[in-house]
Structures are given as structure tokens and as C-alpha cells.
Amino acid sequence: LINKDYGKDFKKHLLSQYTLFVKTSENITSKRMNVNKFYLTLNSVLLGFTSYLSIINEKIVTLVLLVIGILISFVWLESISLYKCLNSAKFKVINKIESYLPASPFNKEDEYLRGDYKLTKLEKYVPMIFTGLYFLILIILGVNFILNLL
């Protein structure tokens, strides 16, 4: 990772690259939050519309939208995992670069957190809750369908 034979501007350029890399990690986090907002909005609208359709007995459209909602929630979960993986890799590089700098704030933060990042765990609950709600509506529709047959 580090070319120690770089030359006289090694430290200046290392600090510049470190600063740039920290900025790109901040950009990834910002994109991740925007993706979460998108999926939250999409699922909220879809769940509301699906609930409305189930009330007015549009069964086929409701079922299709429920399946779409479940698929969207799984894609959302996967995107959270991918962003976590990308950020983890970025911070490994940042931590390595910090070993050549006078201070290591990200390394120290990692040490204090002991690698326990609860945000990603909490973040994953939201699409899981939406998935649960979609399945709950599917079960209710199925029970209503069976009861109507009797």
C-alpha cells in the first residue's frame, strides 16, 4: 500500500491522499443514506397503496404489489450489506495510511467501538419490518380468501 521510496514529497502527498480517501468514505456514507431514503419512501408509498387496494378488493393487483414490495425490501437489504462492505474496505485502507501519520483517529475509534457498528444492524431492521408487513398482509389476504370459500 505504501511506497516508502516515493521521494521528498512523500508525507505531503500521503496526507493529501489520506484526506481524499476520507472524503470518498464520507461520500459513500452520504450515498448510502440517500439510497435508504429512496427505499424507505418507495416502500412507504407501496405499502400504503397496497393496503388501500386490499381494502377495495383489488386482490390480484394487491398480490403483485406485495411480491414486488418483498423483492424491493430484499434488494434494499442487499444494498445495505454492499455499502457496509465497501465502507469496511475503505476504512481498512484509511487505518493503514494512518499508521504513517502522526495521529490515528479512525484506528482509535475502531478500537473504542471494538468493531461493533450497531447502525448497520439497526439499519437492516427497517427493510425487515417492511418485509414482515408485506407477509402479514399476504397472510391476512390468504385467510380472508379461505374464509370466503367456506
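Scroll up a little and you will see the structure.
Residues numbered from 1 in each chain as written. Predicted model: local features only at pLDDT ≥ 70, side-chain atom pairs only at ≥ 80, totals over all residues. Heavy atoms only, no water.

**Observations concerning the packing of helix α1 (residues 10–55) against helix α4 (residues 118–149)**
In contact at an axis separation of 11 Å, α1 and α4 are set at 15° when each is read in the N-to-C sense. Classed by the angle they form, the pair α1 and α4 counts as roughly parallel. The hand of the α1/α4 crossing is left-handed. On the side of α1, the interface is formed by Arg32, Met33, Asn36, Leu40, Asn43, Ser44, Leu46, Leu47, Ser51 and Ser54, while α4 contributes Thr120, Glu123, Val126, Phe130, Leu133, Tyr134, Ile137 and Leu141. (Axes fitted to C-alpha atoms, helices over the stretch in contact; angles between N-to-C directions. Helix = DSSP H or I, 4+ residues; strand = E, 2+ residues; numbered from the N terminus. Parallel < 35°, antiparallel > 145°, perpendicular 65-115°, else oblique. Left-handed = near helix turned anticlockwise from the far one by under 90°. Contact = heavy atoms within 4.5 Å.)

**Structural notes on the packing of aromatic side chains**
The final tally for this structure, using the stated rule, is 5 aromatic pairs. Ring geometry for Tyr39 versus Trp76: centroids 5.8 Å apart, planes at 20°, classification stacked. Taken together, the residues Tyr39 in helix α1 and Trp76 in helix α2 (residues 59–98) connect sequence positions 37 residues apart. Side by side, Tyr39 and Trp76 carry an identical accessibility label, which is buried. Summarising the aromatic geometry, the rings of Trp76 and Phe130 are spaced 6.2 Å apart at their centres and angled 40° between planes, so their arrangement reads as tilted. Pair noted here: Trp76 is in helix α2 and Phe130 is in helix α4, with a separation of 54 residues, a long-range link. Among the residues examined, Phe130 registers a relative accessible area of 9% and is labelled buried. (Phe/Tyr/Trp six-rings, centres within 6.5 Å; stacked < 30°, edge-to-face > 60°. Buried < 20%, exposed > 50% of the residue type's maximum accessible area, 1.4 Å probe, protein only.)

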